[in-house]
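Residues per chain are reported as follows:
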Amino acid sequence: MTTLSLAPNPALRSPPSALRNTLTLARRELRDAVRSRWFLLYTLAFTVLGLAVSFVSAAGTGGSGLSGFGRTTAGLVNLVLLVVPLMALSAGAASIASDRERGMLSYLFSQPMNPSELLLGKFLGLAAALLAAISLGLGSCALILAWKGLRTNPQSMFWLCGLAFMLALGMLSVGMLISTLARRASVAVGTGIFVWLMLVFVSDLALMAGAVALRLRIETLFAASLVNPLQVFKMWSLHAVDANLDVLGPAGLYAVEEYGALLHVMFAGCMVAWVVVPLLLASVVLSRRSPL
Amino acid sequence: MNRLRLLAAVASLLACVPAQATQPDHAAPSADAPTTSTVPTTLGEIGRRVAAAEPGATLVIEPGVYHEHLRLTKPLTIRAGGKVIIDGGGSGDIVEITGPDVTFQGFTVRNTGIDLDKENAAIRVLAPRAVIKDNIVEDVLFGIDLREAPDSLISNNRIGGKALDIARRGDGLRLWRSDRTIVEDNVIHDGRDAILWYSKGVVVRRNTGLDSRYGLHLMFSDDVTITDNEFTRNSVGIYLMYSTGVEIAGNRLIQNRGPSGYGLGLKETDRFVVRGNLMVGNRSGIYIDGSPLAPDVPGEFSANTLAGNDVGITFLPSARGNLIYANNFIDNFNQIAVAGRGNLDANQFWKGDAGNFWSDYTGYDQNHDGVGDFVHESATLFEDLMDREPSLRLFLFSPAQQAVEFVGRAVPAVRPEPKFTDEVPLMRPVPVAALPASSSSTRMPLAAGGAILVLFGSGLLRLVRDPAGGPGGAL
């Protein structure tokens with residue numbers, strides 16, 4: 001972490017230099033992440049909680065031989081909603097700000113590379129770390145569920161894994177935007193956790209209160225929930241895994257009736273926007289600000 | 001787009017009043033039954049042989065494709081001697097049976113007209129004691145239509161509707177004033193309803209209904225026995241309306257979804273017994289609207305398994321006098337819901353010392369008598385909110401839902417009244433009845449999928465430890 005060699009890596013000699021810079025940085029970021037405590041702790045927590053959810057949902061059937069994967073999916077979706085955004089936001093928030101704090105950022109900027117390469121490299125490295133954490137966690141859940149006798153299509157597990165990764169990318173990108181804006185790492189991480197709290201609890205609770213108090217129409221309710229990437233992840237995974245959103249009552253029925261096959265595209269669009277827009281903003285901020 | 005909006009609005013209304021909305025639909029076309037025949041007077045090849053046959057004769061038809069409309073006016077046994085296709089050429093009815101005691105067996109009847117006003121049917125029976133057996137009926141508006149044909153037997157037919165919009169489809173099977181008919185071993189798919197009108201003492205057993213609106217629909221039909229059927233992916237599996245004395249046992253009701261989406265619906269039905277059925281993955285396993293209507297005989301639900309439904313049993317607040325015991329409620333997102341407000345005090349969730357098995361029961365059984373030591377009552381704040389404001393289902397499975405439920409548990413002031421109480425909850429599920437004979441899928445694919453994910457994750461981590469990183473490893 002303290003020294004960084006940008007000496008050309010023989011394995012990476014062929015790609016052009018911008019890509020090489022990005023990939024080298026991504027590797028460094030991944031290595032740092034894997035060696036750091038936060039990665040270990042989050043991965044462990046995610047896996048252990050996932051296993052607990054799996055055990056409980058397998059035990060809930062009382063050995064009747066009937067296990068509703070719906071319930072298990074719901075539990076895992078819930079867990080992903082809690083843990084993955086927290087993991088991604090805090091990783092993203094810590095990334096640039098801590099480098100700035102330690103003077104690393106000015107050192108990196110003295111190298112022949114531009115800020116967007118730096119940003120992208122860090123983004124890719126952290127994304128790979130998050131992908132590893134998610135697939136380890138959900139993969140061990142699938143093993144436990146299979147061992148407990150759940151007979152289901154592994155496709156749903158892959159969907160869940162991929163969508164959780166999409167969510168992680170979006171939250172990572174928001175975290176990095178926070179990180180470029182903040183002066184100190186502690187402020188960045190604090191802001192990241194605040195944003196997490198807003199997205200996980202406050203916005204949903206506010207929307208719920210609005211739905212009851214203002215008698216929001218279901219169209220409005222559905223549109224409003226598309227703004228929150230966590231809700232998008234939830235609806236998308238229900239749509240992909242169970243292929244029916246009517247689990248979500250009138251608003252879900254409305255979504256299916258009105259948009260049908262378009263839903264995948266809509267959800268994907270929302271998620272991609274949450275990945276791309278904050279990252280672009282972050283790159284603008286980073287190139288305008290002094291690295292100190 | 002506006003029409004879709006309207007549909008969505010209607011859909012949300014349907015959650016409250018599903019039955020009334022769909023009901024007049026049947027009454028109109030059927031009220032003028034029987035209509036005049038559309039079978040033409042010119043005779044086809046089979047028609048000529050039928051005309052020449054003595055009453056009571058047995059005809060065996062040679063294999064081939066026959067383009068004709070057939071009318072059977074006298075007692076006859078007519079059988080296909082191989083693959084015999086009767087093609088209606090896309091117009092009118094195809095086979096009309098007006099004589100009593102006709103046996104019609106082994107044919108493929110296909111391609112009726114699509115005139116809903118004339119109710120074009122593949123096989124229409126207008127006389128008693130018909131036997132319709134082993135036929136394949138495909139690409140039809142109405143499949144088999146019995147009008148005042150009591151004591152008939154409809155057995156082992158396969159009936160498939162036309163690929164039409166649900167509003168333009170006809171009924172796969174319809175019985176109109178056809179008492180004591182037996183309907184068994186048929187497969188009915190892609191139709192509107194399989195429906196019984198004013199038919200007493202009918203037996204419906206071992207049939208399969210798929211991808212239709214109502215898998216089986218009873219209107220004013222008393223003393224009907226419905227056993228060992230399977231209804232999958234319909235809007236409603238079995239819907240009973242205004243019928244008395246119905247026994248429903250050993251049926252499988254699976255994945256019946258959509259705006260109504262009930263495994264079993266009971267509207268103003270009396271003296272019914274629902275025993276040993278399996279309801280899985282429906283929007284609501286059972287839907288109870290004003291049943292039983294007369295309070296002297298309780299509605300009885302026992303040994304059923306309701307698993308993985310969005311709602312196990314939905315009660316309209318008017319429902320009273322039901323006796324629900326020894327059932328399994330396994331992992332339904334809401335085990336019991338009351339549409340609108342109100343409680344279920346007028347229904348009882350145990351009989352003697354047998355309650356139900358609830359997968360969400362949190363108590364324990366210290367004396368090992370198989371019955372939980374604490375009563376089971378359902379009172380979660382979020383469920384209570386959802387019952388009142390259905391659009392809040394959108395927030396299901398989110399951490400915010402858990403936050404609301406936590407508040408409900410922690411703050412007594414906002415804790416809702418329990419909807420119902422089971423005094424003697426069972427600790428173990430009762431044996432699950434009506435399970436499919438064999439489930440072909442195994443746990444292997446899931447295990448393999450999990451292994452792939454774990455390997456992939458750890459592979460990613462090894463990527464950076466890779467010694468081939470060379471000088472890069474000097475970091």
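Residue indices follow the written sequence of each chain, beginning from 1 at its first position. The order in which chains are written sets their letters, starting at A; the order in which ligands are written sets their numbers, starting at 1. The model is predicted, so local features are restricted to residues of pLDDT at least 70 and side-chain atom pairs to those at 80 or more, both for listing and for counting; the totals for chains, interfaces and linings are taken over all residues. Each side-chain value is derived from all of the structure's non-hydrogen atoms; neither hydrogens nor water enter the calculation.

Focus on the overall build of chain A
Working step 1: The helix count covers DSSP runs of H or I at least four residues long, the strand count covers runs of E at least two residues long, and both are numbered beginning at the N terminus. Counting its secondary structure elements, chain A contains 11 helices and 0 strands.
Working step 2: Taken from the N to the C terminus, the helices and strands of chain A come in the order α-α-α-α-α-α-α-α-α-α-α.
Working step 3: Burial status follows relative accessibility: with a 1.4 Å probe on protein chains alone, a residue under 20% of its type maximum counts as buried, one over 50% as exposed, and anything between as partly exposed. Taken over 292 residues, chain A has a buried fraction of 59%.
Working step 4: Residue contacts follow a heavy-atom distance rule, with two residues in contact if any of their heavy atoms lie within 4.5 Å. A separation threshold of at least 6 residues defines the contact pool for chain A, and within that pool the share at least 24 residues apart is 81%.
Working step 5: Values of accessible area rely on a 1.4 Å probe in the Shrake-Rupley scheme; residue burial ignores everything except the protein chains shown. A total accessible area of about 11400 Å² is found for chain A, and carbon and sulfur atoms account for 70% of it.

Looking at the overall build of chain B
Working step 1: Helix and strand content of chain B: 7 helices and 39 strands.
Working step 2: Counting over 475 residues, chain B shows a buried share of 55%.
Working step 3: Partitioning the contacts of chain B with sequence separation of at least 6, the portion at a separation of at least 24 is 54%.
Working step 4: Accessible surface, chain B: about 18900 Å² in total, of which carbon and sulfur atoms supply 55%.

Quick look at the pairing of strand β11 (residues 136-140) of chain B
All names here are of chain B.
Working step 1: The sheet contact formed by strand β8 (residues 108-110) and β11 spans 3 bridges and is parallel. By the bridge assignment, arginine 110 is partnered in β11 with glutamate 138.
Working step 2: By the convention used here, strands pair only if DSSP detects at least 2 bridges between them. Relative to strand β14 (residues 158-161), β11 runs parallel, the two sharing 3 bridges. Bridge pairing in β14 places valine 140 opposite glycine 161.

Digging into the sheet that holds strand β27 (residues 262-267) of chain B
Residue and element names in this part refer to chain B.
Working step 1: Taken in spatial order, the 12 strands of this open sheet run β3-β6-β9-β12-β15-β18-β21-β24-β27-β30-β33-β36, and their pairing is parallel. In this open sheet, the two strands that pair with only one neighbour each are β3 (70-72) and β36 (334-338). Taken over all neighbouring pairs, the strand axes of this sheet differ in orientation by 10 degrees on average, direction set aside.
Working step 2: Sheet analysis places strand β15 (residues 173-176) next to strand β18 (residues 193-197), joined by 4 bridges and oriented parallel. If you follow arginine 174 over to β18, its bridge partner there is isoleucine 195. Fitted lines through C-alpha atoms serve as axes, helices being fitted only where they are in contact, and the angles separating the N-to-C directions of these axes extend from 0 to 180 degrees.

Topic: the sheet that holds strand β13 (residues 153-155) of chain B
All names here are of chain B.
Working step 1: Read from one edge to the other, the open sheet built from 12 strands follows the order β1-β4-β7-β10-β13-β16-β19-β22-β25-β28-β31-β34, with strand pairing classed as parallel. The open sheet has two edge strands, β1 (58-61) and β34 (322-325), and neither has a second partner. Each strand of the sheet is rotated relative to its neighbour by a mean of 5 degrees, with strand direction disregarded.
Working step 2: Pairing of strand β31 (residues 299-302) with β34, which is carried by 4 bridges, proceeds in the parallel orientation. Among the inter-strand pairings, serine 302 is bridged to a residue of β34, identified as tyrosine 325.

Quick word on the side chain of B:Arg192
Residues and elements named next belong to chain B.
Working step 1: Relative to the assigned elements, arginine 192 resides in the loop between β17 (187-189) and β18.
Working step 2: Given the relative accessible area of 6%, arginine 192 is considered buried.
Working step 3: Those residues within four positions of arginine 192 in sequence are excluded, and the remaining contacts are Leu116, Phe142, Arg169, Gly170, Asp171, Gly172, Ser212, Arg213 and Tyr214.

Quick word on a nonpolar patch on the surface
Residues and elements named next belong to chain A.
Working step 1: Patches in this entry comprise residues that are over 30% relatively accessible and not in a salt bridge; like charges within 9 Å are linked, as are nonpolar side chains (Val, Leu, Ile, Met, Phe, Trp, Tyr) within 5 Å. In the sections that follow, a salt bridge refers to a side-chain nitrogen of Lys or Arg positioned within 4 Å of a carboxyl oxygen of Asp or Glu. Nonpolar side chains collect at one region of the surface, where Val272, Val276, Val277, Leu280 and Leu281 lie side by side and expose about 410 Å² of accessible area between them.
Working step 2: Examined against the element boundaries, leucine 281 turns out to sit in helix α11 (residues 262-288).
Working step 3: Here leucine 281 falls in the partly exposed class, since its relative accessible area comes to 44%.

Some points on the nonpolar core
Working step 1: The term nonpolar core refers to a set of buried residues drawn from Ala, Val, Leu, Ile, Met, Phe, Trp, Tyr and Cys, joined through side-chain atoms within 4.5 Å. Core analysis: the biggest nonpolar cluster contains 111 residues, and A:Phe233 and A:Phe267 have the highest contact counts within it.
Working step 2: Here this core gets 18 residues from one element, more than from any other, and that element is helix α5 (residues 115-147) of chain A.
Working step 3: Apart from the residues within four sequence positions on either side, A:Phe233 is in contact with A:Val77, A:Val80, A:Leu81, A:Leu160, A:Leu163, A:Ala164, A:Leu167 and A:Met271.
Working step 4: With 71 residues, the next largest nonpolar core counts B:Leu72, B:Val125, B:Leu173 and B:Val202 among its residues.

Some remarks on the packing of aromatic side chains
All names here are of chain B.
Working step 1: Only Phe, Tyr and Trp rings are paired, with Trp represented by its six-membered ring, and only when their centres lie within 6.5 Å; those with planes under 30 degrees apart are stacked, over 60 edge-to-face, the remainder tilted. By the definition in use, this model includes 25 aromatic pairs over all chains.
Working step 2: Relative to tryptophan 197, the ring of tryptophan 176 lies with its centre 6.0 Å away and its plane at 50 degrees, an arrangement referred to as tilted. Remark: tryptophan 197 occurs in strand β18 and tryptophan 176 occurs in strand β15; sequence separation between them is 21 residues. Both residues of the pair, tryptophan 176 and tryptophan 197, belong to the buried class.
Working step 3: Judged by centre distance (5.0 Å) and plane angle (20 degrees), the ring pair of phenylalanine 220 and tyrosine 242 falls under stacked. One end of the pair, phenylalanine 220, is in the loop between β21 (214-219) and β22 (225-227); the other, tyrosine 242, is in the loop between β24 (236-241) and β25 (244-249), and 22 residues separate them in sequence.
Working step 4: Put simply, the rings of Trp176, Trp197, Tyr198, Phe220 and Tyr242 touch in pairs and so form one group of aromatic residues.
Working step 5: Either the NZ atom of lysine or the CZ atom of arginine qualifies as a charge over a ring when it sits within 6 Å of the ring centre and within 35 degrees of the ring normal. Here arginine 177 stacks its cationic end above the ring of tyrosine 198, 4.8 Å away from the centre of that ring.
Working step 6: In this structure, arginine 213 is placed above the aromatic ring of tyrosine 214, and the distance from its NZ or CZ to the ring centre is 5.1 Å.

A short note on helix α9 (residues 229-241) of chain A
Working step 1: Take the number of residues in a helix, subtract one, and multiply by 1.5 Å to get its expected span. Along its 13 residues, α9(A) runs 18 Å from first to last C-alpha, staying within 8% of the 18 Å computed at 1.5 Å per residue.
Working step 2: Most of α9(A) sits out of view: 13 of its 13 residues are buried.

Digging into the packing of α5(A) against α11(A)
How two helices sit against one another is set out by the angle between their axes and by the gap between those axes.
All names here are of chain A.
Working step 1: As a packed pair, α5 and α11 sit with axes 9 Å apart at the nearest point and diverge in direction by 135 degrees. Judged on the interaxial angle alone, α11 and α5 are oblique. Where α5 crosses over α11, the two elements pack in a sense that is right-handed. Between α5 and α11, the residues in contact are Pro115, Ser116, Leu118, Leu119, Leu120 and Phe123 and Val275, Leu279, Ala282, Ser283, Leu286 and Ser287, respectively.
Working step 2: Amino acids outside the nonpolar list (Ala, Val, Leu, Ile, Met, Phe, Trp, Tyr, Cys, Pro) and the charged list (Asp, Glu, Lys, Arg) are all regarded as polar, and Gly is one of them. Looking at the contact of α5 with α11 residue by residue, the classes come out as 9 nonpolar, 3 polar and no charged. Angles below 35 degrees are treated as roughly parallel, those above 145 as roughly antiparallel, those between 65 and 115 as roughly perpendicular, and all remaining angles as oblique. By convention, the crossing between two helices is left-handed when the near helix turns anticlockwise from the far helix through less than a right angle, and right-handed when the turn is clockwise.

Let's talk about the environment of A:Leu226
Working step 1: With respect to the helices and strands, A:Leu226 occurs in helix α8 (residues 218-227).
Working step 2: When near neighbours in sequence (up to four residues on either side) are disregarded, A:Leu226 contacts A:Val232, A:Met235, A:Met266, A:Phe267 and A:Cys270.

As for the confidence of the model for chain B
Residues and elements named next belong to chain B.
Working step 1: Scored from 0 to 100, pLDDT records how confident the predictor is in each individual residue. Looking at chain B, pLDDT values average 85 and 87% of them are 70 or higher.
Working step 2: Overall, residues 6-39 carries pLDDT values under 50, and its contacts beyond four positions in sequence, including any with other chains, amount to 50 contacts.
Working step 3: Contacts of residues 467-475 to residues separated by more than four positions or lying in other chains number 11 contacts, the stretch itself having pLDDT below 50.

Focus: the pattern of salt bridges
Residues and elements named next belong to chain B.
Working step 1: As enumerated under the stated definition, the model contains 34 salt bridges over all chains in all.
Working step 2: With its nearest N and O atoms 2.9 Å apart, the salt bridge here joins aspartate 151 to arginine 180. Highlighted residues: aspartate 151 in the loop between β12 (142-147) and β13 and arginine 180 in the loop between β15 and β16 (182-184), separated in sequence by 29 residues.
Working step 3: A relative accessible area of 35% means that aspartate 151 is categorised as partly exposed.
Working step 4: Classification of arginine 180 as partly exposed rests on a relative accessible area of 46%.
Working step 5: Ionic contacts of the salt-bridge type, sharing partners, join the residues Asp93, Glu119, Arg124, Asp145, Arg147 and Arg174 into one network.

Section: the confidence of the model for chain A
Residue and element names in this part refer to chain A.
Working step 1: Taken over all residues, the pLDDT of chain A has a mean of 84, while the share at 70 or more is 87%.
Working step 2: The model gives residues 1-5 a pLDDT under 50, and that stretch makes 13 contacts with residues more than four places away or in other chains.
Working step 3: Contacts for the low-pLDDT stretch residues 10-14, under 50 throughout, to residues beyond four places or in other chains number 6 contacts.

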